[in-house]
Amino acid sequence: MLRFDEKADRVVPPTGFTARLTLFSAFAMAFLAVFALALSMAAGRIADRWGDELAQSSTVRISAPAGEVATQTEAALRVLRTTPGIIDARALTLEEQRALLLPWFGPDLPIEDLPLPQLIDIQETDDGYDPSGLRLRLAAEAPAAVLDDHARWRRPLIEAATRLRLLGWASILLIATATAAMVTLAANAALAANAQVIAVLRLVGAKDTYIASAFVRRFALRALTGAACGTLVGIIALFLIPSGGEASGFLTGLTIQGVGWLWVMLIPPLSGLVALLATRFAAIRVLEELA
């Protein structure tokens, strides 16, 4: 393990290009890591919310001639209210159905002139009900009633949000890999540019571990500084995104909450650690080649 000497990096002349490359790379990657982390967490929150909301609600649709809608609705409500696992069931009013259609058709939709089915909203217990048994009872007592337990909507939405969360974590892994690659390239360039200085240091008795520690400390501090600045700018950018409140989606829900702040605070030190390991590997390899 390398031992750092605060004065060790003074024996190696600084290289402007590698300094700027390391700072910019760490800054950009930390900035992107903040957004990848926020995206992953937002996807997780939305997947949980969609799962909870859709898992405990169902809908019954009554499609019958106008003269039979009321009768079929009352029969369906009697069945639903006597079904174990159902907390409440109520028929939606015309105004509530208009509100459901408003985002799709606008406020000028002549809903009174349309043969819309009657919708019944079902609220379930945590354990839920038996959908197969309920469908059989509805078929016997309210033939015009069709049960929709939202399973066909819930599953693909949750799967999409879950995969997006995994994509966010995969992006963070790629960001760390790209950071290590760029720091390694910068370290190689700095070591090659100072080949003559390294040769002189060896002549006066400097060990390779001392020479390597100068480069490792310098690049680790640059990466730490750049990552800290990139993380700060990323946090500020997140605060500039308008919040959608309870109805937030992926874009308006890109915020850091709870334990997520701990992960954000770990971005700069982890970037410095990645740079330390990458520079150490590059320094040992190049010094062996220059021997």
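All figures in this text were calculated on a predicted structure; none of them were measured in a lab.

## Looking at the sheet that holds strand E3 (residues 118–124)
Now for step 1: Read from one edge of the open sheet, 4 strands run E2-E3-E1-E4, paired in antiparallel fashion. A strand with exactly one partner marks an edge of an open sheet, and here the two such strands are strand E2 (86–91) and strand E4 (145–148). On average, adjacent strands in this sheet sit at an angle of 20° to one another, irrespective of strand direction.
Now for step 2: Across the sheet, helix H2 (residues 69–81) touches strand E1 (57–62), E2, E3 and E4, and the angle it forms with E2 is around 170°.
Now for step 3: In the packing of helix H4 (residues 131–141) onto the sheet, contacts are made with E1, E2 and E4, and the angle to E4 comes to roughly 170°.

## Thoughts on H2
Now for step 1: With 13 residues, H2 extends 18 Å from end C-alpha to end C-alpha; this agrees with the ideal 18 Å at 1.5 Å per step.
Now for step 2: The set of residues buried in H2 consists of Gln-72, Thr-73, Ala-75, Ala-76, Leu-77, Val-79 and Leu-80.
Now for step 3: Turning to H2, the residues buried within the fold contact E1, E2, E3, H4 and E4.

## Quick look at the pairing of E1
Now for step 1: Note that E1 and E3 share 6 bridges and pair antiparallel. Residue pairing in the sheet places Val-60 in a bridge with Ile-120 of E3.
Now for step 2: Looking at chain direction, E1 and E4 are connected through 4 bridges and run antiparallel. When the sheet's bridge partners are listed, Ile-62 is paired in E4 with Ala-145.

## Here we look at the packing of aromatic side chains
Now for step 1: This model, assessed by the stated rule, comprises 3 aromatic pairs.
Now for step 2: With a centroid separation of 5.1 Å and an interplanar angle of 50°, the aromatic rings of Phe-31 and Phe-35 are classed as tilted. On the criterion of helical spacing, the pair formed by Phe-31 and Phe-35 is a turn pair, its members being 4 residues apart in helix H1 (residues 16–55).
Now for step 3: Judged by relative accessible area, Phe-31 falls into the partly exposed class, the value being 25%.
Now for step 4: Where Trp-169 meets Trp-263, the ring centres are 5.6 Å apart and the plane angle is 75°; that geometry is what we call edge-to-face. In this pair, Trp-169 sits in helix H5 (residues 151–193) while Trp-263 sits in helix H8 (residues 260–290), placing the two residues 94 residues apart along the sequence.
Now for step 5: In this structure Trp-169 comes out as partly exposed when scored by relative accessible area, which is 35%.

## Looking at the packing of H2 against H4
Now for step 1: Relative orientation of the contacting elements H2 and H4 amounts to 150°, with a least axis distance of 10 Å. Taken together, the axes of H2 and H4 lie roughly antiparallel to each other. Judged by the sense of rotation from one axis to the other, the crossing of H2 with H4 is right-handed. Here Ala-75, Ala-76, Val-79 and Leu-80 of H2 lie close against H4, whose contacting residues are Leu-134, Arg-137, Leu-138 and Glu-141.
Now for step 2: For the contact of H2 with H4, a count of residues per class yields 6 nonpolar, no polar and 2 charged.

Cut-offs used in this document
Within each chain, residue numbers correspond to sequence positions counted from 1 in written order. Selection of residues for local features in this predicted model requires a pLDDT of at least 70, selection of side-chain atom pairs for listing and counting requires 80 or more, and totals for whole chains, interfaces and linings are taken over all residues. The side-chain quantities take in all heavy atoms of the structure and omit both hydrogens and water. DSSP bridges decide pairing: two strands pair if at least two such bridges lie between them. Strands are runs of DSSP state E lasting at least 2 residues, helices are runs of H or I lasting at least 4, and numbering of each runs from the N terminus. Axis lines are fitted through C-alpha atoms, for helices just across the contact stretch, and the angle between N-to-C directions can take any value from 0 to 180 degrees. By definition, residues are in contact when any of their heavy atoms lie within 4.5 Å. In a helix, the anticipated span is given by 1.5 Å times the number of residues less one. Here the term buried applies to any residue with accessible area under 20% of the maximum for its type, exposed to any over 50%, and partly exposed to those in between, with areas from a 1.4 Å probe on protein chains only. Side-chain rings of Phe, Tyr and Trp (the six-membered ring for Trp) are treated as a pair once their centres are within 6.5 Å; stacked means planes under 30 degrees apart, edge-to-face means over 60, and tilted covers the remaining angles. Relative orientations are named as follows: roughly parallel for angles under 35 degrees, roughly antiparallel for angles over 145 degrees, roughly perpendicular for angles from 65 to 115 degrees, and oblique for any other angle. Note: crossing handedness is left-handed where the near helix turns anticlockwise from the far helix by less than a right angle, and right-handed where it turns clockwise. Only Asp, Glu, Lys and Arg are considered charged, only Ala, Val, Leu, Ile, Met, Phe, Trp, Tyr, Cys and Pro nonpolar, and every remaining residue, Gly among them, polar.

Take it as geometry only, folks, not as evidence of what the structure does.
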